[in-house]
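Below are the chains, spelled out letter by letter.
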Amino acid sequence: AQSVTQLGSHVSVSEGALVLLRCNYSSSVPPYLFWYVQYPNQGLQLLLKYTSAATLVKGINGFEAEFKKSETSFHLTKPSAHMSDAAEYFCAVSDRSGAGGTSYGKLTFGQGTILTVHP
Amino acid sequence: DSGVTQTPKHLITATGQRVTLRCSPRSGDLSVYWYQQSLDQGLQFLIQYYNGEERAKGNILERFSAQQFPDLHSELNLSSLELGDSALYFCASSVVGQGFEQYFGPGTRLTVT
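Because the structure is a prediction, the values reported are computed rather than measured.

(A) Broad picture of the overall build of chain A. Check the secondary structure of chain A and you find zero helices and eleven strands. Ordering the α and β elements of chain A from the N terminus gives β-β-β-β-β-β-β-β-β-β-β. For 119 residues, the compact-globule estimate of 2.2 N^0.38 gives 14 Å, and the C-alpha radius of gyration of chain A, at 14 Å, lies within 12% of that figure. For chain A, the C-alpha atoms occupy an extent of roughly 50 × 30 × 20 Å along the three principal directions. By the burial criterion, 45% of the 119 residues in chain A qualify as buried. In chain A, of all internal contacts separated by at least 6 residues, the share reaching a separation of at least 24 is 57%. Carbon and sulfur atoms form 54% of the exposed surface of chain A, whose accessible area is close to 5500 Å². Once the 8 positive and 7 negative side-chain charges of chain A are each reduced to a mean point, those two points are 8 Å apart.

Below, the structure written as structure tokens:
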């Protein structure tokens, strides 16, 4: 079974500082990996995804993530935090199983990391 | 705006009751997923439909059921509600299941009293 572990339920940074949110996954085959962001009282918005193309993936709002198979990690980074980045971030994994090589696509989420940005 | 709509936005009901949550996927998306978000369980996959057929099941209780209609909208039915069913219920849609990102609706917040 797949699983996702996000290290740190809360991360606090100063405005302008590096943001690093950690995600490790467990999967028997290389999975698809995603980062989503959830602002208060809103749904989840896709930040970026890894689907076995480039290992360094660039997303929206200046975020990027690097897929490291040897470390089973997919950490999310942003060079300079902005106040508007304050939100909860979820790492998710989707399998590749299913008939005909297609994936059913269901997402398994980590527990989430709340990012606080201080002025 | 993701293009996925969910109604109602809020729902307050009593234990033992039955409710129906509705989801309209993005135009052209054939796959619909339902997720439950609660403080103790986090975000959990409930069920997936693809073009009207059930495709995958997750941790969905027997008291819960879902369907996808010919116009591709989906409904999640929750019956014999318990206090522990209080949660945010999200619907998401994607073009197809494999590797394609899912677009989430704003959610329905269910409160069972």
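(B) Spotlight on the sheet that holds strand 3 (residues 19–24) of chain B. Residues and elements named next belong to chain B. Strand order in the open sheet made by the four strands is 1-3-8-7, with antiparallel pairing throughout. Each end of this open sheet is capped by a strand with a single partner; those strands are strand 1 (5–7) and strand 7 (64–68). The mean inter-strand angle of the sheet, taken between neighbouring strand axes irrespective of direction, is 15 degrees. Looking at chain direction, strand 7 and strand 8 (residues 74–78) are connected through five bridges and run antiparallel. Looking at strand 8, one finds that Phe64 is bridged to Leu78.

(C) How the structure looks around the interface of chain A and chain B. In this assembly, 20 residues from chain A lie in contact with 20 residues from chain B. Where chain A abuts chain B, roughly 1800 Å² becomes buried across the two surfaces, and 55% of that area is made up of carbon and sulfur atoms. For the pair chain A and chain B, the interface holds one salt bridge. Linking Lys49 of chain A and Glu101 of chain B is a salt bridge whose minimum nitrogen-to-oxygen distance equals 2.5 Å. If you look at where chain A meets chain B, you find four residue pairs in polar contact (both at pLDDT 80 or more). Elements represented by at least two residues in the side of chain A that touches chain B include exactly strand 4 (32–38), strand 5 (44–50) and strand 10 (107–109) of chain A. Broken down by element, the residue count for the side of chain A that touches chain B peaks at four residues, all from strand 4 of chain A. In terms of residue class, the side of chain A that touches chain B is made up of nine nonpolar, nine polar and two charged.

Definitions and limits used
Residues numbered from 1 in each chain as written. Chains lettered and ligands numbered in written order. Predicted model: local features only at pLDDT ≥ 70, side-chain atom pairs only at ≥ 80, totals over all residues. Heavy atoms only, no water. Helix = DSSP H or I, 4+ residues; strand = E, 2+ residues; numbered from the N terminus. Rg over C-alpha atoms; globule rule 2.2 N^0.38 Å. Buried < 20%, exposed > 50% of the residue type's maximum accessible area, 1.4 Å probe, protein only. Contact = heavy atoms within 4.5 Å. Areas by Shrake-Rupley, 256 points an atom, 1.4 Å probe, with all protein chains shown as cover. Lys, Arg positive; Asp, Glu negative; His and termini not counted. Charge placed at Lys NZ, Arg CZ, Asp CG, Glu CD. Pairing = 2+ DSSP bridges. Axes fitted to C-alpha atoms, helices over the stretch in contact; angles between N-to-C directions. Buried area = accessible area lost by both parts, 1.4 Å probe. Salt bridge = Lys/Arg side-chain N within 4 Å of Asp/Glu carboxyl O. Polar contact = N/O pair within 3.5 Å; in protein donor to acceptor, adjacent residues only side chain to side chain. Nonpolar A, V, L, I, M, F, W, Y, C, P; charged D, E, K, R; others polar.

These figures come from the coordinates and say nothing about function on their own.
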